Amino acid sequence: MDTSLSADLLVETHGLTKRFGARTAIEGVDLRIPAGVAFGLLGPNGAGKTTLIRTLLGLTRASAGTIRVMGCDMPGRHAQALARVGAVVEEPRFHGHLTGRENLRVLSALLADEATARIPGSLDRVGLTARADDPVSDYSLGMKQRLGIARCLLNDPRLLILDEPMNGLDPAGIQEFRGLLRGLVAEGRTVLVSSHLLDEIERTCDMVAIIDLGRLVRQGRLSELHDGEAQQVLVVCDDNVRALALLSKEPSVKTAVVDADGVLVCTLTGADGAAELNRALVTAGLAVSRLEPARITLEERFLDITSRLQSAGEVTS
């Protein structure tokens, strides 16, 4: 038992590595997922997200490292760890000739008595009540994804692990999923969502971890991903030519360029850089009509992190 792991986190790994022969799928992953959050696991296709999830669930055995799920060491206490965990990994599979409701009844027979009573509520939560008595063979991929989540809810899980749950969903379905996810978290559950859809993760998750080429390169709250980065501000004034000449000599300005819309994009140094920039422009007699922080999206942050790591040789295949 690794005493460096703490029981107050629902998922915690240390140095988690999985190899398939000579190929390393994930390497040295230290993942920390607290209770009561929507946690996004981000990465492009092939980054190692599904392998990481399968390893957490005991569907494939780790080559090295330590795993604790729900306070239980894996794989030694596998059954106890997963008793209150629901998971949808890759495309959920069902008996196509049975209806959605019948599929849930088959599973509920293997669970606690309360599971059967949860079927109507689970179907309603994922928006499948109207189609519950249709054969699953008639379901779209998005409907099967939702039925997979309903299946998870039968066991009243504290932790839900969803691998690419928005695959196959139309825009309306994605919006419904956002509400479903936030509702689950509001109930005190923890939801781990694996996805390559960065914009959707940014809309729905409290915390994120970025995985690229098998390595966890950053994790934390969304706001924390920008910590330590140079501040950028957008400036609109009456004379960009004069402003650029002035800012090239300003110590608080690292770079200044004019974008396609005629807006000055300034990268600053120091916490007071924006105030110093504004003071310099106004003192020079320039009329400043706009000065605001530039909002860096999660997608831009992800591309910045992974491109820098790969160009520096820190992440290798």
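Everything that follows concerns the structure shown earlier in this document.
Position numbers for residues count from 1 along each chain, tracking the sequence in the order it is written. Given that the model is predicted, a residue must reach a pLDDT of at least 70 before its local features are reported, and side-chain atom pairs must reach 80 or more before they are shown or counted; all residues, however, enter totals for whole chains, interfaces and linings. With hydrogens and water set aside, each side-chain value is computed from the structure's full complement of heavy atoms.

1. Looking at the packing of helix α3 (residues 100–108) against helix α6 (residues 141–153)
This is how the line gets drawn: Here an axis means a line fitted to C-alpha atoms, over the contact stretch when the element is a helix, while the angle between two N-to-C directions is reported on a 0 to 180 degree scale. What counts as a helix is a DSSP run of H or I of at least four residues, what counts as a strand is a run of E of at least two, and both are numbered from the N terminus. Any angle between 65 and 115 degrees counts as roughly perpendicular, while under 35 counts as roughly parallel, over 145 as roughly antiparallel, and the rest as oblique. Should the near helix be turned anticlockwise from the far one by less than a right angle, the crossing is termed left-handed; should it be turned clockwise, right-handed. Residues are treated as being in contact if the distance between any of their heavy atoms lies within 4.5 Å. Gly is put with the polar residues, along with every residue not named as nonpolar or charged; the nonpolar set is Ala, Val, Leu, Ile, Met, Phe, Trp, Tyr, Cys and Pro, and the charged set is Asp, Glu, Lys and Arg.
Relative to each other, α3 and α6 sit at 30°, their axes nearing to 10 Å. Between α3 and α6, the crossing angle belongs to the class labelled roughly parallel. Judged by the twist between their axes, the crossing of α3 over α6 is right-handed. For the pair α3 and α6, contact is made by Gly 100, Leu 104 and Leu 107 and by Leu 147, Ala 150 and Arg 151, respectively. Counted by class, the contact of α3 with α6 contains four nonpolar, one polar and one charged residues.

2. Quick word on the pairing of strand β4 (residues 38–42)
Selection rule: Throughout, exposure labels follow a simple rule: accessible area from a 1.4 Å probe, protein chains only, divided by the maximum for the residue type, with under 20% read as buried, over 50% as exposed, and the rest as partly exposed. Here a strand pair is declared whenever DSSP counts at least two bridges between the two strands.
For β4, a buried count of five out of five residues is recorded, marking the element as mostly surrounded by other parts of the structure. The two faces of β4 match: Ala 38, Gly 40 and Leu 42 on one face and Phe 39 and Leu 41 on the other face are all buried. One ladder, built from five bridges, connects β4 with strand β9 (residues 190–195); its direction is parallel. Along β9, the bridge assignment pairs Gly 40 with Val 193. Strand direction decides the pairing type here: β4 and strand β10 (residues 207–212), joined by four bridges, are parallel.

3. Considering the sheet that holds β9
A sheet is described by the order of its strands in space; here six strands give the open sequence β7-β8-β9-β4-β10-β11, paired in mixed fashion. The outermost strands of the open sheet, each flanked by one partner alone, are β7 (85–88) and β11 (215–221). On average, each strand axis in the sheet is inclined to that of its neighbour by 15°, with strand direction left out of account. Relative to β11, β10 runs antiparallel, the two sharing six bridges. Across the sheet, the residue bridging to Ile 210 is Arg 218, located in β11.

4. Description of the packing of aromatic side chains
In plain terms, the rule: Only Phe, Tyr and Trp rings take part, Trp by its six-membered ring, and two of them pair if their centres are within 6.5 Å. Stacked means planes under 30 degrees apart, edge-to-face means over 60, and tilted covers everything else. Either the NZ atom of lysine or the CZ atom of arginine qualifies as a charge over a ring when it sits within 6 Å of the ring centre and within 35 degrees of the ring normal.
Within the structure shown, the criterion is met by zero aromatic pairs. Taking NZ or CZ as reference, Lys 18 lies 5.0 Å from the ring centre of Phe 20, over its face.

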